[in-house]
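Notes for the structure review
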Amino acid sequence: MPQYPLRLPEDLYQRSQHLADQQGVSLNQFFLYAVANLAAEIETRSFFHQRSSLTPEEASVVGLSILDKIPNLPPLAGDELPEPTTRRDAAPRKKTRAKAQRLKG
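Residues numbered from 1 in each chain as written. Predicted model: local features only at pLDDT ≥ 70, side-chain atom pairs only at ≥ 80, totals over all residues. Heavy atoms only, no water.

1. Some thoughts on the overall build of the chain
- A tally of helices and strands in the chain yields four helices and zero strands.
- By residue count, 4% of the 105 residues in the chain fall in the buried class. (Helix = DSSP H or I, 4+ residues; strand = E, 2+ residues; numbered from the N terminus. Buried < 20%, exposed > 50% of the residue type's maximum accessible area, 1.4 Å probe, protein only.)

2. Examining the environment of glutamate 10
- Its location among the elements puts glutamate 10 in helix 1 (residues 10-23).
- Residue class for glutamate 10 comes out exposed when judged on its relative accessible area of 52%.
- Here the side chain of glutamate 10 touches glutamine 14 through a polar contact of 2.6 Å, side chain to side chain. (Polar contact = N/O pair within 3.5 Å; in protein donor to acceptor, adjacent residues only side chain to side chain.)

3. A closer look at the packing of aromatic side chains
- By the definition in use, this model includes two aromatic pairs.
- Centroid distance phenylalanine 47 to phenylalanine 48: 5.1 Å. Interplanar angle 80°. Geometry classified as edge-to-face.
- Residue phenylalanine 47 is classed as partly exposed on the basis of its relative accessible area, which comes to 37%. (Phe/Tyr/Trp six-rings, centres within 6.5 Å; stacked < 30°, edge-to-face > 60°.)

4. Digging into the pattern of salt bridges
- For the structure shown, the criterion picks out one salt bridge.
- The partner of glutamate 41 in a salt bridge is arginine 45, and the shortest N-O contact between them spans 2.3 Å. Within this pair, glutamate 41 and its partner arginine 45 are both found in helix 2 (residues 27-52), separated by four residues, close to a single helical turn.
- Judged by its relative accessible area of 57%, arginine 45 is exposed. (Salt bridge = Lys/Arg side-chain N within 4 Å of Asp/Glu carboxyl O.)

5. Structural notes on the layout of surface pockets
- Considered as a void within the structure, the largest pocket measures approximately 330 Å³ in volume.
- Along its surface, the largest pocket is lined by Met1, Pro2, Gln3, Tyr4, Leu6, Asn28, Phe31, Leu32, Ala34 and Val35.
- Of the residues in the lining of the largest pocket, the class split is eight nonpolar, two polar and no charged. (1 Å grid on protein atoms, 1.4 Å probe; cavity = no way out; pocket = protein on both sides within 12 Å on 5 of 7 lines; lining within 4 Å. Points joined across faces, edges and corners; volume = space filled by probe spheres on them. Nonpolar A, V, L, I, M, F, W, Y, C, P; charged D, E, K, R; others polar.)

6. Overview of the side chain of serine 16
- Relative to the elements of secondary structure, serine 16 occurs in helix 1.
- Looking at serine 16, its side chain comes within polar contact range of the main-chain oxygen of leucine 12, at 2.8 Å.
- Discounting residues that sit within four places of it in the chain, serine 16 has contacts with Leu27, Phe30 and Phe31. (Contact = heavy atoms within 4.5 Å.)

7. Points about the confidence of the model for the chain
- Taken residue by residue, the chain gives an average pLDDT of 84. The fraction at 70 or more is 82%.
- Here helix 4 (residues 96-104) stands out as the element of the chain with the lowest mean pLDDT, 63, in contrast to helix 1, whose mean of 96 is the highest. (pLDDT = per-residue confidence, 0-100.)

8. Focus on the packing of helix 1 against helix 2
- Contact geometry for helix 1 and helix 2: axes closest at 9 Å, N-to-C directions at 100°. The angle between helix 1 and helix 2 falls in the class roughly perpendicular. Contacts from Tyr13, Ser16, Gln17, Leu19 and Ala20 in helix 1 reach Leu27, Phe30 and Phe31 in helix 2.
- Taken together, the residues that form the contact of helix 1 with helix 2 break down as six nonpolar, two polar and no charged. (Axes fitted to C-alpha atoms, helices over the stretch in contact; angles between N-to-C directions. Parallel < 35°, antiparallel > 145°, perpendicular 65-115°, else oblique.)

Here's what the structure looks like:
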């Protein structure tokens, strides 16, 4: 494993040592965690920045390619869509506005 000498201001060293002690890890492990965490954050931002620079058409192709990987299976029990209702099947609307006007008058 490559080694890298790290120079830290005294206050940052003390804070890092205190945090490592709180986490119950060595200072080396703490620095590895911190660097890995920051690297992942920067890579994630870069990924989403790159994705956001896609044109809508390119984004659509990427999205559809992801959806194409989903198998075409019937929904699991309880995940089915409800049957659509038509206006005739729906319950009659209450005339709340007219009723409110009558109560005012």
